[in-house]
Amino acid sequence: QVQLVESGGGLVQPGGSLRLSCAASGFTFSNYHMTWVRQAPGRGLEWVADISAGGRSTYYADSVKGRFTISRDNANNTVYLQMDSLKPEDTAVYYCATAVGRDYWGQGTQVTVSS
């Protein structure tokens, strides 16, 4: 079955960086778009970034454009989110997601940006 497992979250100071990973299994990873979304405390889900199946096309929310970079390694079935110049408002649980017949989500990884 489809499984998505995020890792790499943690506590970081404003201006710092983190790299999130999402290990995928149970489907042909290289055939599918991958997405990162986040949910801040008390708020709804916010789309963060998308990457095409082959990795050539990427898309970002305005709130993260120029600071976050989505990438993927199709040989290792992993998608990444490099987050630089982090701000307190980036604090959220970050999820990777894909649509393989239906939507699938991982369990999420907590990112806290605070001094």
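In what follows, the accompanying structure is described. All residue numbers here refer to positions counted from 1 along the written sequence of the relevant chain. For this predicted model, a pLDDT threshold of at least 70 governs which residues receive local features, and a threshold of 80 or more governs which side-chain atom pairs are given and counted, while totals over whole chains, interfaces and linings are taken from all residues. Working from all heavy atoms in the structure, the side-chain values ignore hydrogens and water.

Quick look at the pattern of salt bridges
Salt bridge criterion: a side-chain nitrogen from Lys or Arg within 4 Å of a carboxyl oxygen from Asp or Glu. Under the definition given, this model contains four salt bridges. Asp90 is the partner of Arg67 in a salt bridge, and the nearest nitrogen-oxygen pair spans 2.7 Å. Taken together, the residues Arg67 in the loop between strand S6 (58-60) and strand S7 (68-73) and Asp90 in the loop between strand S8 (78-83) and strand S9 (92-100) connect sequence positions 23 residues apart. Note on accessibility: Arg67 and Asp90 belong to one class, buried. Three or more residues joined by partner-sharing salt bridges are found here, namely Arg38, Glu46, Arg67 and Asp90. In this description a helix means any DSSP run of H or I spanning at least four residues, a strand means any run of E spanning at least two, and both kinds are numbered starting from the N terminus. With a 1.4 Å probe rolled over the protein chains alone, any residue whose accessible area is under 20% of its type maximum counts as buried; one over 50% counts as exposed, and the rest are partly exposed.

A short note on the state of the cysteines
In what follows, a disulfide is any cysteine sulfur pair within 2.5 Å. Summed over all chains, the structure comprises one disulfide. Cys22 shares a disulfide with Cys96; S-S distance 1.9 Å. Judged by the sign of its S-S torsion, about 45 degrees, the bond between Cys22 and Cys96 is right-handed. Of the two residues, Cys22 is situated in strand S3 (residues 18-25) and Cys96 in strand S9; the sequence distance between them amounts to 74 residues. An identical accessibility class is assigned to Cys22 and Cys96; each is buried.

Some points on the sheet that holds S7
One bridge is not enough; two strands pair if DSSP finds at least two bridges between them. Within the open sheet, the four strands sit side by side as S1-S3-S8-S7. Their pairing is antiparallel. Edge positions in the sheet fall to strand S1 (3-7) and S7, since each has one partner strand and no second. The mean angle between the axes of side-by-side strands here comes to 15 degrees, regardless of whether they run parallel or antiparallel. Where S1 lies against S3, five bridges are found, and the strand directions are antiparallel. Bridging from a neighbouring strand, Ser7 pairs with Ser21 of S3. Between N-to-C directions, angles cover 0 to 180 degrees, with each direction set by a line fitted to C-alpha atoms, over the stretch in contact for helices.

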